[in-house]
Amino acid sequence: MPRAVIYMPYDPKHPTYMAAQIEYGDKGSMKKNAKILEYLTAKGFKSCEVWYNGAKDPQIRSLDVGKIFIRGHGMPGDPTIEGGRTGERIDFTTVADRLIQSGLPKTFSGEIHLYNCHSAKSGDGQV
């Protein structure tokens, strides 16, 4: 069974961390990650969500193939994503660093998807 992870790269020590929890996690009514997990499971994936906390995560450490979906809000041409409306803004380097800190193996040969608004738009009017 293929594996899929929804990865939330937001720092739990950041003052706006709760914005991500309210929109994507189980702290509010939106529960966007739960809806995606349900969809992935229906498509035959063994799926889970992982929230960055600065430590190695067993789900991330054990990935060699599969799919990682990084959630957040984006804008065309902006190199950052936002953890929920008014949440922490992080750039692509920080996202990668946090994924590595979470234990992503160097041998990972799966797919990483930025599952964000406007993630494929350049910001110059081109797609």
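Refer to the structure printed above.
Cut-off values and rules
- Each chain carries its own residue numbering, running from 1 in the direction its sequence is written.
- Residue-level local features of this predicted model are given only where pLDDT is at least 70; pairs of side-chain atoms are given and counted only at 80 or more, and the full residue set underlies all totals for whole chains, interfaces and linings.
- In computing side-chain properties, one takes all heavy atoms of the structure into account and sets aside hydrogens as well as water.
- Two strands form a pair only when DSSP identifies at least two bridges running between them.
- Each helix is a run of DSSP H or I of at least 4 residues and each strand a run of E of at least 2, with the numbering of both proceeding from the N terminus.
- Axes, fitted as lines to C-alpha atoms, cover a helix only where it is in contact. Angles between the N-to-C directions of the axes lie from 0 to 180 degrees.
- The classification of residues rests on relative accessible area computed with a 1.4 Å probe and restricted to protein chains. Under 20% of the type maximum is buried, over 50% is exposed, and intermediate values are partly exposed.
- Residues are treated as being in contact if the distance between any of their heavy atoms lies within 4.5 Å.
- By definition, a salt bridge exists where a carboxyl oxygen of Asp or Glu is found within 4 Å of a side-chain nitrogen of Lys or Arg.
- By convention a nonpolar core is built from buried Ala, Val, Leu, Ile, Met, Phe, Trp, Tyr and Cys residues, the set being connected through side-chain atoms within 4.5 Å.
- For this analysis, a ring pair means two rings from Phe, Tyr or Trp (six-membered ring only for Trp) whose centres lie within 6.5 Å, classed as stacked if their planes differ by under 30 degrees, edge-to-face if by over 60, and tilted for the remaining angles.

Caption draft 1: View of the sheet that holds strand E1 (residues 3-8). Taken together, 4 strands build an open sheet; the order of strands is E2-E1-E3-E6 and the sheet is parallel. A single partner strand is all that each edge strand has here, and the edge strands are strand E2 (46-51) and strand E6 (111-116). The sheet shows a mean angle of 20 degrees between the axes of neighbouring strands, taken without regard to direction. Note: E1 against E2, 6 bridges, orientation parallel.

Caption draft 2: Up close: helix H1 (residues 17-24). Of all 8 residues that make up H1, 6 are buried, and the element is covered over most of its length. Turning to H1, its buried residues are Tyr17, Ala19, Ala20, Gln21, Glu23 and Tyr24. Residues of H1 that are buried in the fold lie against E1, helix H2 (32-42), E2 and strand E3 (67-72).

Caption draft 3: Inspection of the pairing of E1 at higher detail. In terms of burial, E1 is largely enclosed, as 6 of its 6 residues are buried. Residues of E1 alternate between two faces, with Arg3, Val5 and Tyr7 on one and Ala4, Ile6 and Met8 on the opposite face, all of them buried.

Caption draft 4: Just the pattern of salt bridges, in detail. A full pass over the atoms with the stated rule returns 5 salt bridges. In this structure, Asp26 engages Lys27 in a salt bridge whose closest nitrogen and oxygen atoms are separated by 3.9 Å. The class for Asp26 is exposed, based on a relative accessible area of 56%. Residue Lys27 is classed as exposed on the basis of its relative accessible area, which comes to 52%. Across the pair Glu88 and Arg98 runs a salt bridge, and its minimum N-O distance is 3.2 Å.

Caption draft 5: Fine view of the environment of Arg85. Tracing the backbone through its elements, the reader meets Arg85 in the loop between strand E4 (80-82) and strand E5 (89-91). Taking the C-alpha atoms as reference points, Arg85 and Ile22, 63 residues apart in sequence, are found 9.4 Å from one another. Not counting residues within four places of it along the chain, the set of residues in contact with Arg85 comprises Ala19, Glu23 and His73.

Caption draft 6: The arrangement of the nonpolar core in detail. By size, the foremost hydrophobic cluster in this structure holds 28 residues, and its most contacted members are Tyr7, Tyr10, Leu40, Ile60, Ile68, Ile70 and Leu99. Contributions of two or more residues to this core are made by E1, H1, H2, E2, E3 and helix H4 (92-101). Residues in contact with Ile60, not counting those within four places in the same chain, are Val5, Tyr7, Val50, Leu99, Ser102, Gly103, Leu104 and Pro105.

Caption draft 7: Representation of unusual backbone geometry in the model. Of note in the backbone geometry, Lys31 takes a positive phi value of approximately 45 degrees without being a glycine. By secondary structure assignment, the location of Lys31 is in the loop between H1 and H2.

Caption draft 8: Summary view of the packing of aromatic side chains. Per the counting criterion, the structure on display carries 2 aromatic pairs. Aromatic pair Phe69 and Tyr115: ring centres 6.3 Å apart, planes at 75 degrees, arrangement edge-to-face. Within this pair, whereas Phe69 is found in strand E3, its partner Tyr115 is found in strand E6, the two being separated by 46 residues in sequence. The exposure class assigned to Phe69 is buried, which follows from its relative accessible area of 14%.

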